[in-house]
Amino acid sequence: MQAAPASHAPPALSALAAHGQVALFLDFDGTLVDLAARPDAITPAVDLCARLEALCVRLGGACALVSGRSIADIERHIGHIDVPIAGSHGADIRGPAGTRLGTGPVTLPAAIESELRAFAKVEGIDYEHKPHGGALHYRSRPQSRAKTHSFAKALAAKHGWTTQSGKCVVELVAGHANKGSAVEILMGEEKFAGARPIFLGDDLTDEAGFAVCQGQGGLGILVGPKRDTHAQYRLDSVACVHNWLEF
Ligand SMILES: [Mg+2]
């Protein structure tokens, strides 16, 4: 489907669920938690973990977090959570029974990582090591945007890796997984099978999730300002998402 601006608020979750089982896929940063100046500076609601676990029970287990953060990083911020998680952009998935699904994250070779670190140092931006790659964050120095993206793209192309772009961040990743493939894998699990998939997310990497949900008869919900997207609906903010989830 052609990308177009999403402008309408979605029907209430309880109304959607009244028509049959739904499966919720929830991005983390910018969707469940407000963005901060640096990835480590986020302040999740203190009861976020408990509310997500209750939501997952309410949906019969058909609920998952889908994030560019690693699973360990998410749990460092909200504690251990008894909800399926696709971390590292879908490269590392902990399924409903706690079993690992997917191929697992691929670590960035040291030579590439040292080039990213050196660039970040010279450019005065932040480098973040991840289990599945490395990220350059330029939120503190937005004028570095174009230079950072072209450097990351050239470096990725040189070494056979790929880039994922987000809000004030570009990451080098192995390219074998994304948020859409995470949805496909989880929809193959018993608790999700046959449900109508719904993906909530705020960033460009969430578009793959929106598209897969739509392809399976579900829908996408963009969080944040209006923009071209594959999502059919939109919610203004993290607070609106919490309301919509009936937190
Ligand atoms: Mg996000």
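Residues numbered from 1 in each chain as written. Predicted model: local features only at pLDDT ≥ 70, side-chain atom pairs only at ≥ 80, totals over all residues.

**Points about the sheet that holds strand 14 (residues 233-235)**
Consideration 1: Spatially, the eight strands line up as an open sheet ordered 6-5-4-3-2-11-12-14, and their pairing is mixed. Of all the strands in the sheet, the pair left with one neighbour each is strand 6 (100-101) and strand 14.
Consideration 2: In this sheet, strand 11 (residues 196-201) lies alongside strand 2 (residues 22-26) in parallel orientation, the contact comprising five bridges. Looking across to strand 11, one finds that Ala 23 is bridged to Pro 197.
Consideration 3: Its contacts with the sheet place helix 3 (residues 71-78) against strand 3 (63-66), strand 4 (85-87) and strand 5 (92-94), and it is angled at close to 120 degrees to strand 4. (Pairing = 2+ DSSP bridges. Helix = DSSP H or I, 4+ residues; strand = E, 2+ residues; numbered from the N terminus. Contact = placed C-beta atoms within 7 Å. Axes fitted to C-alpha atoms, helices over the stretch in contact; angles between N-to-C directions.)

**Side note on the domain arrangement of the protein**
Consideration 1: Looking at the protein, the domain boundaries give domain 1 (21-104 + 176-244) and domain 2 (110-173).
Consideration 2: With centres defined by C-alpha atoms, the gap from domain 1 to domain 2 works out at 24 Å.
Consideration 3: For the side of domain 1 that touches domain 2, the per-class residue count stands at five nonpolar, six polar and three charged. (Domains from an automatic or database assignment. Nonpolar A, V, L, I, M, F, W, Y, C, P; charged D, E, K, R; others polar.)

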